[in-house]
Amino acid sequence: MLSAIDALGYVDPTPIQSAFIPLAITGADVIGQARTGTGKTAAFTIPILEQINHDSATVEALVLCPTRELSEQVATEAERLAMNRLRRPVLLVGGRPIRTQIMRLKEDPVLAIGTPGRVIDLIHRRELDVSKVKFVVLDEADRMLDIGFRPAIERILRECPKDRQTLLLSATMPAEVRRLAERYMRSPQSVDLSGDAVTTELVKQFFVTVDQKRKAAVLAKLLVKERPQQAIVFCRTKRGADKLYLGFKGKLPDVAVIHGDLPQQKRDRVMKQFRAAEIRLLIATDVMGRGIDVSGISHIFNYDIPEYCDDYVHRIGRTGRISSERSGRAFTFVTREEGNELTRIEMRINTMLQEYIVDDVDAFVPGPARRHIDDAPKTTQPVPELDDFGW
């Protein structure tokens, strides 16, 4: 393990790694709360790789993640940390040929990483045996519950031995996550590095007051002014993400969209290009955004204010990461009817966002303020401000 850590260039552990690993290596159940981008993957992977029997003929460790993309990132990190072991982790996710995964399971991997849906499917097919699992990890537990995986998670946990070690990691700790921990973990020890500052000091946070109808123009002006290294624009809905993408794709050569309705092959291609910095502006929904771990992201634009306060934490956690060389910047678009939602976010993160005035662009339309987000026009809005746009 030390050889692998040295080969990867890791020198000093992050705070979550320093606090979490010594507890997890003892075999105790541990809850780790820290924001995204702080090194949580290595924090749970290292203790597991140190404890499992690498000569076992069955799966001994199971890691559950909310999305395919995050599962792939965890599997990649686990494989790098296990570079001196003979057997590679197996990835079990939807959107991939299940036959290939079944064949990999027949090679007796000791570590399985995947999404709850595909894992429960393989258990029901009797292709994945979890009866001898000694370690279970619930990674980004809050997000898994947000997107409806609780029934599948509980069924998987009931299939696993009761005397297993359970590790739970989460950026936030809502009541539903706490209830899950109380029910399925044994006297867990807690590592809470979130503190009062739920969001990182490495991210400078602003809000922009703008009418729904003018958001695209304001975003265009912000892009021209900010010149992001790489940026993610978050939309609430897949339909909204597609519409915004259609307005920008003719103006920018390196813009893309990603959401759950895209074919898996296309999502893989977009993510590969984004990680390679071939895509500079990525328009995404919340579910897909949680699977993005790219150190070059300099800006986050909340085109639609998040429905839940914790989603704000997850969104801006995409920038200002430990592997980034500079601080990130996050801009949240707020209509005049969404003042209460902005206040709830500020209360959640215990921080007042600074208002950012975008010069040389009209952020408001004439007439009375709109009452609802849904009053926004249903057609794609042109983005004339990007006619002469240059990265």
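Structural data are supplied above this passage.
In this text, all values refer to a predicted model and were calculated from it rather than measured experimentally. (Residues numbered from 1 in each chain as written. Predicted model: local features only at pLDDT ≥ 70, side-chain atom pairs only at ≥ 80, totals over all residues. Heavy atoms only, no water.)

A description of the sheet that holds strand β11 (residues 281–285) should follow, citing residues and the corresponding values.
Ordered by their spatial adjacency, 7 strands build an open sheet running β10-β11-β9-β12-β13-β8-β14, and the pairing between neighbours is parallel. One side of each edge strand has no neighbouring strand; the edge strands of this open sheet are β10 (255–258) and β14 (354–355). The pairing of strand β9 (residues 231–235) with β11 spans 5 bridges and is parallel. Following the sheet pairing, V233 is matched in β11 by I283. Its contacts with the sheet put helix α10 (residues 215–226) on β8 (203–209), β9, β11, β12 (299–302) and β13 (328–334), and the angle it makes with β13 is roughly 160 degrees. (Pairing = 2+ DSSP bridges. Helix = DSSP H or I, 4+ residues; strand = E, 2+ residues; numbered from the N terminus. Contact = heavy atoms within 4.5 Å. Axes fitted to C-alpha atoms, helices over the stretch in contact; angles between N-to-C directions.)

Tell me what's going on with the environment of I316, and back it up with residues and numbers.
Inspection of the secondary structure puts I316 in helix α14 (residues 309–316). Of the residues examined, I316 reaches a relative accessible area of 2% and is grouped as buried. With 14 residues separating them in the primary sequence, I316 and A330 have C-alpha atoms 6.2 Å apart. (Buried < 20%, exposed > 50% of the residue type's maximum accessible area, 1.4 Å probe, protein only.)

Mind laying out the pattern of salt bridges, listing which residues take part and the relevant values?
Going through the model one piece at a time under the given rule, you end up with 20 salt bridges. Between R80 and E77 there is a salt bridge, with the nearest N and O atoms lying 3.0 Å from each other. Of the two residues, R80 and E77 both sit in helix α4 (residues 68–81), 3 residues apart, roughly one turn of that helix. On the basis of relative accessibility, which here comes to 11%, the residue E77 falls in the buried class. (Salt bridge = Lys/Arg side-chain N within 4 Å of Asp/Glu carboxyl O.)

Just give me the short version of the pairing of strand β6 (residues 165–170), but keep the residues and values in it.
Regular strands have side chains that alternate between both faces of the sheet. In terms of burial, β6 is a largely internal element, 6 of the 6 residues being buried. Where strand β1 (residues 30–33) meets β6, 4 bridges bridge the pair, whose relative direction is parallel. When the bridges of β6 are listed, V30 appears paired with L167.

Provide a residue-level description of the sheet that holds strand β5 (residues 135–139), including the pertinent values.
If you trace the 7 strands from one edge of the open sheet to the other, you get β3-β4-β2-β5-β6-β1-β7, paired in parallel fashion. Strands at the two margins of the open sheet, each flanked by one partner only, are β3 (90–92) and β7 (189–192). Neighbouring strand axes in the sheet, compared pairwise and without regard to direction, differ in orientation by 15 degrees on average. Pairing of β5 with β6 involves 5 bridges; the strand directions are parallel. What sits directly across from D139, in β6, is L169.

Tell me about helix α2 (residues 15–24), residues and numbers included.
Looking only at α2, the buried set comprises I16, Q17, F20, I21 and A24. One face of α2 carries all of its buried residues, which in axial projection span an arc of 100 degrees. (Arc of directions from axis to C-beta.)

Before we move on, can you summarise the packing of aromatic side chains with the specific residues and values?
Applying the stated criterion to the full structure yields 5 aromatic pairs. With 5.1 Å between their ring centres and 20 degrees between their planes, F206 and F331 make a pair best called stacked. You can see F206 sitting in strand β8 and its partner F331 sitting in strand β13, a full 125 residues away along the chain. Ring geometry for Y303 versus F333: centroids 5.9 Å apart, planes at 45 degrees, classification tilted. (Phe/Tyr/Trp six-rings, centres within 6.5 Å; stacked < 30°, edge-to-face > 60°.)

Now, about unusual backbone geometry: what can you tell me, with residues and values included?
As a rule of thumb, non-glycine residues mostly have phi less than zero, and peptide bonds are mostly trans rather than cis. Despite not being glycine, R126 has its phi angle at roughly 65 degrees, a positive value. Assignment of secondary structure puts R126 in the loop between α6 (116–124) and β5. Exposure remark for R126: the relative accessible area of 77% places this residue in the exposed category. Here the phi dihedral of S187 falls at roughly 40 degrees; this positive angle occurs in a residue that is not glycine. Assignment of secondary structure puts S187 in the loop between α9 (175–184) and β7.

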